[in-house]
Amino acid sequence: VHEVVRFWPSLAANVDCSGPVNASETCSFGARVLQLCQKSRQMHRLAPWELPVVSVAPGELSTREFSRLWRRGHVVVVRGLLPQLDGSIWEPKWWIRNFGDEMVRVLDCARGAESVGEWPLRDFYRLFDGPDDAHSGLFDQSTEDASDWPARRQRVQSSILKLKDWPPADDFEARLPSHFARFMSALPFPEYTQRRGQFNLASRLPAEFVPPDLGPKMYCAYGSSDAEGGVGTTNLHCDMADAVNVMAYASCSSGSAQPHPAPAAAAVWDIYPPESVESLRTYIREQKAARGEEVDDPIHDQSTFLTAPQRQELHERFGVAGSCYRVFQNPGDAVFVPAGSAHQVCNYASAVKIAMDFVSPERVDHCRRLSGEFRKLSPQHPRNRDLLQLGSILWWAFAGPRQGPSSPEKSG
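What you see is a predicted model; the values in this text were computed from it and never measured. (Residues numbered from 1 in each chain as written. Predicted model: local features only at pLDDT ≥ 70, side-chain atom pairs only at ≥ 80, totals over all residues. Heavy atoms only, no water.)

### Concerning the overall build of the chain
Counting its regular elements, the chain contains 15 helices and 14 strands. Expressed as a percentage of the 412 residues in the chain, the buried residues total 55%. Taking the intrachain contacts of the chain between residues at least 6 apart in sequence as the baseline, contacts between residues at least 24 apart amount to 79%. Accessible surface for the chain amounts to roughly 17,700 Å². Of this, 52% is attributable to carbon and sulfur atoms. (Helix = DSSP H or I, 4+ residues; strand = E, 2+ residues; numbered from the N terminus. Buried < 20%, exposed > 50% of the residue type's maximum accessible area, 1.4 Å probe, protein only. Contact = heavy atoms within 4.5 Å. Areas by Shrake-Rupley, 256 points an atom, 1.4 Å probe, with all protein chains shown as cover.)

Written as structure tokens, this is what we have:
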């Protein structure tokens, strides 16, 4: 297994997804990517340190083209997936009616993601669409005074609350079969994103193996701000593999002040390519040292959110190595994050998202590097575990039976 991992780049041809490319095709593809990036720039005003993403409609990018972009670590956004998701089943009132009594762990982003305790799910979602308590009609008013709601309401109004990885222990498909079916059917590039996708190397594990937990998982959080003094809703981190994140619902009201006028987004992402990771580490270590804070790994600790002034300072100091892809996400948008990329998220509005990880041949070397970084963390670190089982995945990808055609060129 160690030899397979070590020599994976030379073995990757066994599951290559791009097929042969000639010089003419390379020039044509480069022009197309530039056109798609220009379209992204026209949609949103970007700061000097922000890079444009490839933003497309469903079906606008072939699997072959996605493979070529993915190999280069380019962030891809597919918009317009809301009809397949059936937005009504992701709304707060659906969760209140169907899972309102279920106790969930609630975190406060404004206080370092500390736990605020176990709440009924209905209390978490009650003010999700704004402070006017629009969902109060779904509750039994006769028992409200005897509940803990008044104190919880104050906590909602003074915090930035979120649920992470809910349901936490049960398989998403078993607990939420309709949601699972809608989400999986909406995912673009199914050869990569489906559990048994041909170019998802995790699918090569035999049935008797316990597979890594690649999702899907839900991420639900109230709105925040990435302006000076903001805290965001997901701190800077690296996923263990490639990821796709789909926003299924967002409230109409934003959570707080926004740094750009009329951003036309329910959430914003800052995605730093692997080439920028060491610059990030240096910058964050210096920031924390100045405050007398200890750090194991500035990124894998998941304890830092960079506000707009900090991201500008990072770019001014490191130049291109301090640049990041800027993603503006709305309901129906799928954000593809290449393995090895450090990223953070700030909801401008309360939002429900679903994420799925996958292991692509193009980004395996970055997965391998990350697995090595996780192993070097302190024994007490929550990420010092081999959750991905990359060695086993690569062994079976190389030694196991081949699946179907070797290139998406034949499958579109």
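### Things to note about the sheet that holds strand β8 (residues 234-238)
As a general point, the strands of a sheet are linked pairwise by backbone hydrogen bonds and lie either parallel or antiparallel. Across the sheet, which stays open at both edges, the five strands sit in the order β1-β11-β10-β13-β8 with mixed pairing between neighbours. Both edges of this open sheet fall to β1 (50-51) and β8, since each of them pairs with a single strand only. (Pairing = 2+ DSSP bridges.)

### As for the nonpolar core
Counting 57 residues, the largest nonpolar core has W90, W95, F124, Y125, W166, M218 and F336 as its most contacted members. Residues contacting W166, with those up to four places away along its chain left out, are W95, F99, E102, V104, L121, L176 and M218. In this structure, A202, M240, L280 and I299 belong to the second largest nonpolar core, which totals 32 residues. (Core = buried A, V, L, I, M, F, W, Y, C linked by side-chain atoms within 4.5 Å.)

### Remarks on unusual backbone geometry
Between G215 and P216 the backbone carries a cis peptide bond, its omega angle lying at 10°. Structurally, P216 can be placed in the loop between α11 (190-193) and β7 (217-221). Even without a glycine there, the phi angle at A113 is positive, about 60°. Inspection of the secondary structure assignment puts A113 in the loop between β4 (103-108) and β5 (114-120).

### Focus on the environment of R111
Residue placement: R111 occurs in the loop between β4 and β5. Note: C-alpha distance between R111 and L161 (50 residues apart in sequence) is 9.7 Å. When residues no more than four places from it in sequence are discounted, the contact partners of R111 are R155, S158 and S159.

### Here we look at empty space enclosed by the protein
Applying the stated criterion across every chain, the model contains one cavity of 30 Å³ or more. The volume enclosed by the largest cavity comes to roughly 100 Å³. Residue composition of the lining of the largest cavity, by class: five nonpolar, one polar and four charged. (1 Å grid on protein atoms, 1.4 Å probe; cavity = no way out; pocket = protein on both sides within 12 Å on 5 of 7 lines; lining within 4 Å. Points joined across faces, edges and corners; volume = space filled by probe spheres on them. Nonpolar A, V, L, I, M, F, W, Y, C, P; charged D, E, K, R; others polar.)

### Examining helix α15 (residues 390-399)
Where α15 is concerned, the buried positions are L390, G391, I393, L394 and A397. The arc enclosing the buried residues of α15, seen along the axis, measures out at 160°, which places them on a common side. (Arc of directions from axis to C-beta.)

### Let's talk about the environment of A265
Here A265 is to be found in the loop between β9 (242-254) and β10 (267-272). Exposure remark for A265: the relative accessible area of 14% places this residue in the buried category. For the pair A265 and F328, spaced 63 residues apart in sequence, the C-alpha to C-alpha distance is 5.3 Å. In this view, A265 contacts F328, Q329, N330 and Y348; residues no more than four positions away in its chain are not counted.

### Observations regarding the pairing of β4
Two elements, β4 and β5, share six bridges in a ladder whose sense is antiparallel. Counted as the bridge partner of R105 is E118 from β5. Here β4 hands over to β5 after five residues, with G112 in that stretch at a positive phi of 65°.

### Some thoughts on the pairing of strand β12 (residues 334-337)
Along any regular strand the residues' side chains alternate between the sheet's two faces. Side chains A334 and F336 of β12 all project onto a buried face; the interleaved residues V335 and V337 project onto the opposite face, where all are buried too. With three bridges joining them, strand β3 (residues 76-78) and β12 adopt antiparallel strand pairing. Bridge assignment links V76 to a residue of β12, and that residue is F336.

### Re the packing of helix α12 (residues 277-290) against helix α13 (residues 308-318)
Orientation of α12 relative to α13, taken along the N-to-C sense of each, is 120°, at an axis distance of 11 Å. One finds that α12 runs oblique with respect to α13. Once α12 is placed against α13, the crossing between them reads as right-handed. The segment α12 lies against α13, with S279, L280, T282, Y283, E286 and Q287 engaging Q310, E313, L314, R317 and F318. (Axes fitted to C-alpha atoms, helices over the stretch in contact; angles between N-to-C directions. Parallel < 35°, antiparallel > 145°, perpendicular 65-115°, else oblique. Left-handed = near helix turned anticlockwise from the far one by under 90°.)

### Considering the packing of aromatic side chains
Going through the model one piece at a time under the given rule, you end up with 21 aromatic pairs. Look at W94 and F99: their rings are 6.0 Å apart centre to centre, the planes differ by 35°, and that puts the pair in the tilted class. Look at F99 and you get buried, because its relative accessible area is 14%. Relative to F358, the ring of F336 lies with its centre 6.4 Å away and its plane at 70°, an arrangement referred to as edge-to-face. Pair noted here: F336 is in strand β12 and F358 is in strand β14 (residues 349-358), with a separation of 22 residues, a long-range link. Given a relative accessible area of 0%, F336 falls into the buried group. Here F358 falls in the buried class, since its relative accessible area comes to 0%. Here the aromatic cluster, defined as three or more aromatic residues joined through ring pairs, consists of W90, W94, W95, F99, F124, Y125, F128 and Y222. Over the ring of F328 we find R326, and its NZ or CZ is 5.7 Å from the ring centre. (Phe/Tyr/Trp six-rings, centres within 6.5 Å; stacked < 30°, edge-to-face > 60°. Lys NZ or Arg CZ within 6 Å of the ring centre and 35° of its normal.)

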